[in-house]
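Observations on the model geometry
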Amino acid sequence: MKHFEANFDGLVGPTHNYAGLSFGNVASLNNAAATSSPKDAAKQGLKKAKALADLGLVQGMFAPQERPDIHSLRRMGFSGTDSDILNKAAKEAPALLRACCSASSMWTANAATVSPSADTHDGKLHFTPANLVDKLHRSIEPTTTGNILQATFNDSRYFKHHQHLPEHTSFGDEGAANHTRLCSEYGHAGVELFVYGQEATNPSAPRPQKFPARQTLEASQAVARLHQLDDDGTVYIQQNPDVIDQGVFHNDVIAVGNQNVLFYHEQAFLNTQAKLTEIKNKFGESALHFIEVPTSKVAIQDAVKSYLFNTQVVTLPSGEMAIIAPTNCQENPAVFAYLNELVTLNTPIKQVLYFDVKQSMQNGGGPACLRLRVAMNQDEVAAVNQHTLMNDGLFNRLNQWVDKHYRDRLLVADLADPQLLIESRTALDELTQIMQLGSVYQFQR
Ligand SMILES: NCCC[C@H](NC(=O)CCC(=O)O)C(=O)O
């Protein structure tokens, strides 16, 4: 049986904007109130996704969420017609309105944690949507994320969907951005690495001082239990709190893995040597490549600015690996020099492909943030909703759809425009037909 690692990218929603909502995420704060282009953002994302499909990889798309989120604004006590609600929220609580308008569901690395069937006791592929409780604007995502995941992976013979973890800071869960799977082949049992920022129930354990640690050990352990993973196939690693305080708000800003490669910064983790030994022991016989990038070559600030580690390491049909990097990596001299050297070293990574995803980067989301990895065998791929899979037809259809519905420019002040709500709902309603998702949105129910 053939095995694949599919990437499911988040289609950027029509309200993509820069609202400075993510404390601890340097790009989000620095670009607060900048003008965005929802149209360019969506097209940049589609281009990257299509390029991966053209390289011979299985590539899917997830629909964006409904924003402005009128349902959440009603829960917060705003009432009347939809446009009354937008009006009142804009006047009385603009920060709440901004939180209910983010297109942040585009970063599907935060949509869920996924465990492939080769790793789980029941032989099913498990999904747990991330609760994203650390940020108000993201904490309103998980229910719809669950709906979209179920509409995409809609065959209970193969796929097992869990509810997101309890909505409390003890269970702060950011999904696959803090999870990497190492394996010899995608279809063989692997070692799942869960990287957490703090232990919620142990006040004396290390934690960052300045910025939040969004992921807790307790959340990671709960996901591993839900997914029926073996202790022999899981490793919990604490992220270095010092780098969280320097803007590394998720592990995927400082480390990325693929098959037998772990690519990470020297300062990424705590107890690095002991943890690498544990990974080696659990991984077994096959050769592992630990590619450690020293601070002397790439400083943390350069990693955060360029998103060197927020790259996708993918295995091409030839068996060689490629890095999918943002063009920001070309623009940073230290990082560009490092990548040029990396492809000459004795590792499986042989080429780097650069993509302009600047609209997303300006909110702190690189190529790896934009995708959720789902390793599947061929039967599982066949059981996926085929209308979500990228090909020439879907690419053209989605580009036309973006051209028809998306604005070229958007300012934070535009979020209260009732017309934007109408445009977004019209677009999403049409999208659910294109991708045959059914009624995944509140406004359709
Ligand atoms: N994995 C990348 C996630 C980036 C995301 N940024 C944001 O939500 C910024 C939104 C804004 O500031 O408008 C976050 O920090 O969770």
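What you see is a predicted model; the values in this text were computed from it and never measured. (Residues numbered from 1 in each chain as written. Predicted model: local features only at pLDDT ≥ 70, side-chain atom pairs only at ≥ 80, totals over all residues. Heavy atoms only, no water.)

**Thoughts on the overall build of the protein**
Tallying secondary structure elements over the protein gives 17 helices and 15 strands in all. Computed over the C-alpha atoms, the radius of gyration of the protein is 20 Å, within 12% of the 22 Å expected from 2.2 N^0.38 for a compact globule of 445 residues. Counting every position in the protein, which comprises 445 residues, the buried fraction comes to 61%. A fraction of 76% describes how many contacts in the protein between residues 6 or more apart in sequence connect residues 24 or more apart. Put simply, the protein shows about 16,500 Å² of open surface, and 47% of that area lies on carbon and sulfur atoms. A distance of 4 Å separates the average location of the 37 positive side-chain charges in the protein from that of its 46 negative side-chain charges. (Helix = DSSP H or I, 4+ residues; strand = E, 2+ residues; numbered from the N terminus. Rg over C-alpha atoms; globule rule 2.2 N^0.38 Å. Buried < 20%, exposed > 50% of the residue type's maximum accessible area, 1.4 Å probe, protein only. Contact = heavy atoms within 4.5 Å. Areas by Shrake-Rupley, 256 points an atom, 1.4 Å probe, with all protein chains shown as cover. Lys, Arg positive; Asp, Glu negative; His and termini not counted. Charge placed at Lys NZ, Arg CZ, Asp CG, Glu CD.)

**Description of the UniProt feature "active site" (unreviewed entry) in the protein**
UniProt annotation of "active site" (unreviewed entry) refers to Glu 174, His 250 and Cys 369 when read in the numbering used here. Across 196 residues, the annotated set stays spatially compact, with a maximum C-alpha separation of 11.1 Å. Those annotated residues from the list above that line the second largest cavity are His 250 and Cys 369. Along the chain, Glu 174 turns up in the loop between strand 5 (159-161) and strand 6 (179-182). Here His 250 shows up in the loop between helix 9 (241-244) and strand 9 (255-258). Taking the relative accessible area as the measure of exposure, His 250 reaches 1% and is therefore buried. (UniProt positions renumbered as here; feature names shortened; annotations may be inferred. 1 Å grid on protein atoms, 1.4 Å probe; cavity = no way out; pocket = protein on both sides within 12 Å on 5 of 7 lines; lining within 4 Å.)

**Some thoughts on the site of the ligand**
Contacts to the ligand come from 18 residues, most closely from Leu 21, Ser 22, Ser 28, His 137 and Cys 369. Take Ser 22: an N or O atom from its side chain is 2.8 Å from an oxygen atom of the ligand. In this structure, an oxygen atom belonging to the ligand sits 2.8 Å away from a side-chain N or O atom of Arg 214. Protein contacts shield 100% of the accessible area of the ligand, which totals 430 Å² for the unbound molecule. Taking a 2 Å distance to the grid points as the criterion, the majority of the atoms of the ligand fall inside the second largest cavity. Across the shell around the ligand, the residue classes tally to five nonpolar, 11 polar and two charged. (Near = heavy atom within 4 Å. Polar contact = N/O pair within 3.5 Å; in protein donor to acceptor, adjacent residues only side chain to side chain. Sits in = over half its atoms within 2 Å of the grid points. Nonpolar A, V, L, I, M, F, W, Y, C, P; charged D, E, K, R; others polar.)

**Describing the packing of aromatic side chains**
Summed over all chains, the structure comprises 15 aromatic pairs. Considering the side-chain rings of Trp 401 and Tyr 406, the 5.2 Å spacing of their centres and the 65 degrees angle between planes classify their relative orientation as edge-to-face. The class of Tyr 406 is buried, set by a relative accessible area of 4%. An aromatic cluster of at least three residues, connected via ring pairs, comprises Phe 8, Phe 62, Phe 127, Phe 153, Tyr 158 and Phe 159. Directly above the aromatic system of Phe 395 lies the positively charged group of Lys 50, at a separation of 5.4 Å from the ring centroid. (Phe/Tyr/Trp six-rings, centres within 6.5 Å; stacked < 30°, edge-to-face > 60°. Lys NZ or Arg CZ within 6 Å of the ring centre and 35° of its normal.)

**Remarks on the side chain of Glu 192**
Within the secondary structure layout, Glu 192 lies in strand 7 (residues 191-196). Of the side chains with opposite charge, Arg 181 comes closest to the buried, unpaired Glu 192, at an N-O distance of 4.4 Å. Of note is the side chain of Glu 192, whose polar atom sits 3.0 Å from the side chain of Ser 115. Among all residues touching Glu 192, those that are not within four sequence positions of it are Val 114, Ser 115, Pro 116, Asp 119, His 179, Thr 180, Arg 181, Leu 229, Gly 233, Thr 234 and Val 235. (Salt bridge = Lys/Arg side-chain N within 4 Å of Asp/Glu carboxyl O.)

**Considering the pairing of strand 8 (residues 234-238)**
For strand 8, the buried fraction is high: five of the five residues fall into the buried class. Residues Thr 234, Tyr 236 and Gln 238 of strand 8 are buried on one face, and the alternating residues Val 235 and Ile 237, pointing to the opposite face, are buried as well. At this point the chain moves from strand 7, through helix 8 (residues 217-226), to the parallel strand 8, and the crossover so formed is right-handed. (Right-handed = clockwise from strand over helix to strand, strands pointing away.)

**Digging into the confidence of the model for the protein**
Residues at a pLDDT of 70 or more form 100% of the protein, whose mean pLDDT is 98. Within the protein, no element has a lower average pLDDT than helix 1 (residues 26-30), which sits at 97, and none a higher one than strand 4 (residues 125-129), at 99. Two summary scores accompany this predicted model of the complex, namely pTM at 0.98 and ipTM at 0.99. (pLDDT = per-residue confidence, 0-100.)

**Quick word on the sheet that holds strand 9**
Ordered by their spatial adjacency, three strands build an open sheet running 9-10-11, and the pairing between neighbours is mixed. On the outer flanks of this sheet lie strand 9 and strand 11 (289-293), each paired with one strand and no other. The average undirected angle you get between the axes of adjacent strands in this sheet is 10 degrees. In the sheet, strand 9 pairs with strand 10 (residues 261-265) via four bridges, with the strands oriented antiparallel. Counted as the bridge partner of Ala 255 is Tyr 264 from strand 10. The sheet contacts of helix 10 (residues 272-283) involve strand 10 and strand 11, and relative to strand 11 the element is tilted by about 160 degrees. (Pairing = 2+ DSSP bridges. Axes fitted to C-alpha atoms, helices over the stretch in contact; angles between N-to-C directions.)

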